[in-house]
Amino acid sequence: MRTTSHKVSTVLAVVYFLALAGILFWPSPVDRPIDSALMQVIQWLRDHGVPRRVVNYRKIEFVANILLFVPFGVILTLRLPRCWWLLAAVIAATVSSAVELAQGLFLPQRVPTWSDIVANTSGAFLGALLVLFVWRLLRHRTLRPTDRA
């Protein structure tokens, strides 16, 4: 019998992957509706002394792609045996490469890039590392002080 928390985590994982598929296969860039607002924020930052090399559209998009794939790495790492945690990043790289290829072949308004693959894989890797970090913290908390010696 599955616990309620397991059912909830499964539902959240399904919702995340459906939302991710929607974003990745949307016919036009998903940031298009906020593009002008984002450019205004970037310009405001530049007007207030933030250098172009620190904040620009490409860097914001890169970081957004990293953040988008952190849950990917978390979910896969939690579903895999612990010793296979790195497989989450490998799967993310494979999925991301396939998505970029599909965007290039079937979605003319989308622009496939290597940087998206790198960002997506990095996000999944960070998500996997986050899970490992939490596992380690929980393990140390459950050990009694005398067991640590």
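Throughout, residues of each chain are indexed from 1 in the direction in which the sequence is written. The predicted nature of this model means local features are confined to residues of pLDDT at least 70 and side-chain atom pairs, given and counted, to a pLDDT of 80 or more, with totals for whole chains, interfaces and linings taken over all residues. Remark: hydrogens and water are excluded; side-chain values derive from all non-hydrogen atoms of the structure.

K.L.:
Explain the side chain of Ser96 here, please?
P.N.:
In this fold, Ser96 is placed in helix α4 (residues 87-106). Within the structure, Ser96 has its side chain in polar contact with the side chain of Asn120 (distance 2.8 Å). The residues touching Ser96, leaving out its near neighbours within four places in the chain, are Asp116, Ile117 and Asn120. Only DSSP runs of H or I reaching four residues or more are called helices, and only runs of E reaching two or more are called strands; each is numbered from the N terminus. Polar contacts, as counted here, are pairs of nitrogen or oxygen atoms within 3.5 Å of one another; within protein the pair requires one atom able to donate a hydrogen and one able to accept it, and residues that are adjacent in sequence qualify only if both atoms are side-chain atoms. Any two residues having at least one pair of non-hydrogen atoms within 4.5 Å are treated as being in contact.

K.L.:
What is the right way to look at the nonpolar core in this model?
P.N.:
The criterion is simple. A nonpolar core is a set of buried Ala, Val, Leu, Ile, Met, Phe, Trp, Tyr and Cys residues joined through side-chain atoms within 4.5 Å. Each residue is placed in one exposure class: buried if its accessible area under a 1.4 Å probe, protein chains only, is under 20% of its type's maximum, exposed if it is over 50%, and partly exposed if it falls in between. The biggest cluster of nonpolar side chains holds 13 residues, and the ones touching the most others in it are Tyr16, Leu20, Leu24, Phe69, Phe72 and Ala92. Residue assignment for this core shows that the elements contributing at least two residues are α1 (4-24), α3 (57-79), α4 and α5 (114-142). Aside from chain neighbours lying at most four places away, what touches Leu20 is Leu68, Phe69 and Phe72.

K.L.:
What should I look at first to understand the packing of aromatic side chains in this one?
P.N.:
We call Phe, Tyr and Trp rings a pair once their centres come within 6.5 Å, taking the six-membered ring for Trp, and we label the pair stacked below 30 degrees between planes, edge-to-face above 60, and tilted otherwise. Considering all chains together, one arrives at 4 aromatic pairs under this definition. A centroid spacing of 5.1 Å and a plane angle of 65 degrees characterise the contact between Tyr16 and Phe17, whose relative ring orientation is edge-to-face. Here Tyr16 falls in the buried class, since its relative accessible area comes to 14%. With 5.9 Å between their ring centres and 40 degrees between their planes, Trp85 and Phe125 make a pair best called tilted. Taken together, the residues Trp85 in the loop between α3 and α4 and Phe125 in helix α5 connect sequence positions 40 residues apart. Residue Phe125 is classed as partly exposed on the basis of its relative accessible area of 31%.

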